[in-house]
Amino acid sequence: DLANDEGWVSVGESADTSELAVNSIRAWWQNMGSARYPGAERILITADAGGSNGYRLRAWKLHLAKLAQELGLQVTVCHYPPGTSKWNKIEHRMFSFITMNWRGRPLVSYRTIVELISATETNSLKLRADLDPRTYATKVRVSDAELATVPLEPHTWHGEWNYTVRSHAQSI
């Protein structure tokens with residue numbers, strides 16, 4: 001949450017999957033976002049072009065649709081163009097300070113990692129973290145039929161990178 005200089009990190013031993021990425025957004029909303037933005041109608045996510053939240057991943061879009069439906073919010077995603085992930089402000093605002101905070105400390109357990117991340121603060125930045133103990137399936141295939149159920153609205157400028165996923169209650 002760049003506007004409020006707050007961040008959420010989900011820590012776990014599961015593989016980095018689209019479901020894990022969306023569950024991290026869900027955890028942020030449940031633990032931080034919903035209290036800060038009680039009247040929100042939408043969430044804006046900036047994401048890298050690759051990895052578990054890549055713009056080509058059908059599973060990412062399917063899990064976002066489930067989240068939008070569950071929360072009753074539209075979810076707008078703006079992906080950074082391929083090869084430009086270092087432009088993502090999260091790299092500079094969160095991870096640099098997390099790295100400085102745990103430098104030289106043995107990361108002996110997931111609990112230690114969660115505690116060190118949660119203890120990371122600057123004059124304004126506040127972070128929270130929690131352990132996600134779930135195991136997520138890898139190499140999940142999303143069929144054309146499943147993808148067709150996603151209420152996805154590509155934006156006019158680079159709709160492959162920028163799009164809104166609406167809850168089913170919202171019209172496209």
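Residues numbered from 1 in each chain as written. Predicted model: local features only at pLDDT ≥ 70, side-chain atom pairs only at ≥ 80, totals over all residues. Heavy atoms only, no water.

Chemist: An account of the pattern of salt bridges is needed here, citing residue identities and associated values.
Modeler: Summed over all chains, the structure comprises 5 salt bridges. Between Arg 58 and Asp 144 there is a salt bridge; the shortest N-O distance is 2.7 Å. You can see Arg 58 sitting in helix α2 (residues 58-71) and its partner Asp 144 sitting in helix α5 (residues 144-148), a full 86 residues away along the chain. A residue is classified by how much of its surface remains accessible, and Arg 58, at 31% relative accessible area, is partly exposed. Taking the shortest distance from any N to any O, the salt bridge between Arg 166 and Glu 153 comes out at 2.8 Å. (Salt bridge = Lys/Arg side-chain N within 4 Å of Asp/Glu carboxyl O. Helix = DSSP H or I, 4+ residues; strand = E, 2+ residues; numbered from the N terminus. Buried < 20%, exposed > 50% of the residue type's maximum accessible area, 1.4 Å probe, protein only.)

Chemist: So what's going on with the environment of Ala 47? Residues and values would help.
Modeler: By the secondary structure assignment, Ala 47 is in strand β2 (residues 42-47). In sequence terms Ala 47 and Trp 87 are 40 residues apart; their C-alpha atoms lie 10 Å from each other. If we skip the residues at most four places from it in the chain, Ala 47 touches Asn 53, Val 77, Cys 78, His 79, Tyr 80 and Asn 88. (Contact = heavy atoms within 4.5 Å.)

Chemist: Can you lay out the packing of helix α1 (residues 18-36) against α2 for me, pointing to particular residues and giving the numbers?
Modeler: It is the contact of α1 with α2, at a shortest axis distance of 8 Å, that shows an interaxial angle of 25°. One element, α1, and the other, α2, form an angle in the roughly parallel class. Crossing of α1 over α2 shows right-handed handedness. Contact residues: Ser 18, Glu 19, Ala 21, Val 22, Ile 25, Arg 26, Trp 29 and Gln 30 in α1; Ala 59, Trp 60, His 63, Leu 64, Leu 67, Glu 70 and Leu 71 in α2. For the contact of α1 with α2, a count of residues per class yields 9 nonpolar, 3 polar and 3 charged. (Axes fitted to C-alpha atoms, helices over the stretch in contact; angles between N-to-C directions. Parallel < 35°, antiparallel > 145°, perpendicular 65-115°, else oblique. Left-handed = near helix turned anticlockwise from the far one by under 90°. Nonpolar A, V, L, I, M, F, W, Y, C, P; charged D, E, K, R; others polar.)

Chemist: Describe the environment of Thr 84, with residues and values.
Modeler: Along the chain, Thr 84 falls in the loop between β3 (74-79) and α3 (89-102). Taking relative accessible area as the criterion, Thr 84 reaches 12% and is therefore assigned buried. Sequence separation between Thr 84 and Ile 98 is 14 residues, and the spatial gap between their C-alpha atoms is 21 Å.

Chemist: So, unusual backbone geometry: which residues are in play, and what are the values?
Modeler: In this structure, Lys 139 is a non-glycine residue whose phi angle is positive, near 55°. You can see Lys 139 is positioned in the loop between β4 (126-131) and α5. The class for Lys 139 is exposed, based on a relative accessible area of 81%. Positive phi, normally seen in glycine, also occurs at His 158, with a value near 50°.

None of this, on its own, says anything about what the molecule does.
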